[in-house]
Amino acid sequence: MMGPAGAQAANCNPGLALSSSIALPRRLLASRPLRSAQPLTCRRPLQPRGLPPPAAAEGQWPGGTDRQEQQQEQPQPTDRQLVEADTIIDPDGTVRLQPQSVEDRRDLWKRAIKLPMYSVGWAPILVSAASAYVQTGTFDVVRTLLLCVAATAVIGWLNLSNDVFDASTGVDRSNKPESVVNLLGGDRRAAQLVFAAATALLLGGAGLLFWLLQTAGNPLATKMLYAAIAMGYVYQGPPFRWSYLGLGEPLCFAAFGPLATCAFYFAQVPPALAVFSKQIVALSCLVGLTTTVILFTAHFHQIEGDRAHGKMSPLVRLGTKRGTEVLKFSVGLAYISTLVLSLTGALPFSCFTSVIVAYGMAGEMVKLAENNLMNPDGLKRLKFLATRWHIAFNSMLVLGLFLSTLM
């Protein structure tokens with residue numbers, strides 16, 4: 001005889017019912033006491049081998065599943081060609097596969113190239129060139145274009161090296177699929193390849209920059225540019241990694257603002273005018289502020305990932321809500337400072353009237369942050385809106401400077 005547990009087990013495995021009917025030797029039963037049976041649970045009764053399945057009702061598959069429901073569960077064919085899946089490791093150590101279509105991977109490569117982000121290298125050059133034109137009435141197009149090419153290479157080094165350094169700490173492994181290292185496989189060989197490309201860009205870009213600045217009227221130009229590039233390494237490179245201490249934003253302001261903008265200004269004016277003036281210092285601070293907003297907004301959607309890997313950015317310390325307040329303050333500071341500098345004569349008043357054109361973009365950026373305080377995915381577009389505002393604001397600064405010469 002079988003107990004209730006044995007009967008339930010027999011329903012799951014017919015062989016068990018057959019074997020339980022065979023009497024065991026008494027000596028074996030006496031020497032080895034039987035363990036108490038544990039209750040078993042089966043999702044559906046199993047059919048013994050060799051027996052045909054029970055007849056299915058009309059409109060059902062064998063096993064009782066509705067035929068229409070079964071057909072709806074079948075995956076639908078897709079016209080998008082799938083490529084090899086990427087392995088994504090979450091901050092908690094969970095490994096998951098993320099299949100991507102060809103279109104998705106192409107979109108990730110566009111985001112990895114970050115073409116609009118190179119405006120952070122062009123803004124100091126173009127704003128300083130416009131200021132030099134106001135002072136001298138001349139504009140060297142070839143020199144300005146060469147400076148932009150060199151700055152593009154340096155920014156390329158900065159972006160690629162940051163991907164490599166973030167890959168070494170794991171901070172980009174789960175929340176940044178557009179990392180170039182991740183797109184190339186995420187292994188050590190991919191990191192070495194990206195680092196080699198970054199080094200080549202640094203050597204070519206920095207070499208061209210220093211060659212162009214060797215004739216600058218102020219000897220501080222090359223030193224300031226060297227300091228700006230060094231800050232780019234200190235920001236993320238070992239053993240410093242100052243961005244993990246929350247110092248990325250101050251470094252960004254100093255590097256792209258007073259250091260780079262003033263250095264490029266010294267390279268585009270005669271030696272007699274290669275001095276710190278109120279105008280170029282004011283412009284450099286505005287360039288540095290709008291550039292820092294881009295870096296600040298880039299961390300809104302990855303607070304948890306940064307915290308998990310020990311990257312104590314200002315957003316990790318402040319949180320999304322207070323970070324949004326800081327963002328609104330930064331935007332207000334940019335416009336109020338432009339107004340005050342225009343009223344005091346440090347900048348032409350046409351600069352203020354021009355940058356007002358970009359105020360709508362700033363409002364859209366702030367509104368997105370306010371509407372997605374608890375939605376990290378909704379905040380991913382924030383850095384792109386900040387980049388667009390940065391481009392528009394500095395372009396209007398350049399326009400205002402040129403307009404001042406016509407008044």
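All of these numbers come straight from a predicted model, not from anything done at the bench.

**What about the nonpolar core?**
Alright, step 1. Leu213, Tyr335, Met365, Trp389 and Phe393 are the most contacted members of the largest nonpolar core, which has 89 residues in total.
Alright, step 2. Per element, the largest residue contribution to this core is 11 residues, and it comes from helix H11 (residues 248-266).
Alright, step 3. If sequence neighbours within four positions are ignored, Phe393 has contacts with Leu286, Thr290, Ala334, Tyr335, Thr338, Val355 and Ala358.

**Regarding the environment of Pro348**
Alright, step 1. For Pro348, the location among the structural elements is in the loop between helix H14 (314-343) and helix H15 (349-355).
Alright, step 2. A sequence separation of 10 residues divides Pro348 from Thr338, and the C-alpha atoms of the two residues are 9.6 Å apart.
Alright, step 3. Sequence-distant contacts of Pro348, defined by excluding residues within four places in its chain, comprise Gln279, Ser342, Leu401 and Ser404.

**Considering the pattern of salt bridges**
Alright, step 1. Enumeration according to the criterion identifies 5 salt bridges in this entry.
Alright, step 2. Of the charged contacts, one joins Lys328 and Glu370 as a salt bridge, the two residues approaching to 3.1 Å between their closest N and O atoms. Here Glu370 lies in helix H16 (residues 359-371) and Lys328 lies in helix H14, a separation of 42 residues in the sequence.
Alright, step 3. Its relative accessible area of 31% is what places Lys328 among the partly exposed residues.
Alright, step 4. Taking the relative accessible area as the measure of exposure, Glu370 reaches 36% and is therefore partly exposed.
Alright, step 5. Glu364 serves as the salt-bridge partner of Arg388, at 2.5 Å between the closest nitrogen and oxygen. Here the residue Arg388 occupies a position in helix H17 (residues 382-404), and Glu364 occupies one in helix H16, the gap between them amounting to 24 residues.
Alright, step 6. Among the charged side chains, a network of salt bridges with common partners joins Glu325, Lys328 and Glu370.

**Some words on a nonpolar patch on the surface**
Alright, step 1. A contiguous nonpolar surface patch, about 450 Å² in accessible area, is contributed by Tyr233, Phe240, Trp242, Leu245 and Leu247.
Alright, step 2. Inspection of the secondary structure puts Tyr233 in helix H10 (residues 220-236).
Alright, step 3. Owing to a relative accessible area of 30%, Tyr233 belongs among the partly exposed residues under this scheme.

**Some details on the confidence of the model for the protein**
Interpreting fine coordinate detail is not advised for predicted regions of low pLDDT.
Alright, step 1. Of all residues in the protein, 72% attain a pLDDT of 70 or more, and the chain-wide mean is 79.
Alright, step 2. Here residues 1-51 is a poorly scored stretch, pLDDT under 50, and it has 20 contacts once near neighbours within four places are set aside; other chains count.
Alright, step 3. Across residues 55-86, where pLDDT falls below 50, the model places 32 contacts with residues more than four positions away in sequence or in other chains.

**What to know about H10**
Alright, step 1. Compared with the 24 Å implied by 1.5 Å per residue over 17 residues, the 25 Å span of H10 between its first and last C-alpha is a close match.
Alright, step 2. By the burial criterion, the buried members of H10 are Ala221, Met224, Leu225, Ala228, Ile229, Gly232, Val234, Tyr235 and Gln236.
Alright, step 3. The secondary structure elements touched by the buried residues of H10 are helix H7 (141-169), helix H9 (188-213), H11 and helix H12 (278-297).

Parameters at a glance
- Residues numbered from 1 in each chain as written.
- Predicted model: local features only at pLDDT ≥ 70, side-chain atom pairs only at ≥ 80, totals over all residues.
- Heavy atoms only, no water.
- Core = buried A, V, L, I, M, F, W, Y, C linked by side-chain atoms within 4.5 Å.
- Buried < 20%, exposed > 50% of the residue type's maximum accessible area, 1.4 Å probe, protein only.
- Helix = DSSP H or I, 4+ residues; strand = E, 2+ residues; numbered from the N terminus.
- Contact = heavy atoms within 4.5 Å.
- Salt bridge = Lys/Arg side-chain N within 4 Å of Asp/Glu carboxyl O.
- Patch = residues over 30% accessible without salt bridge, like charges linked within 9 Å, V, L, I, M, F, W, Y side chains within 5 Å.
- Areas by Shrake-Rupley, 256 points an atom, 1.4 Å probe, with all protein chains shown as cover.
- pLDDT = per-residue confidence, 0-100.
- Expected span 1.5 Å × (residues − 1).

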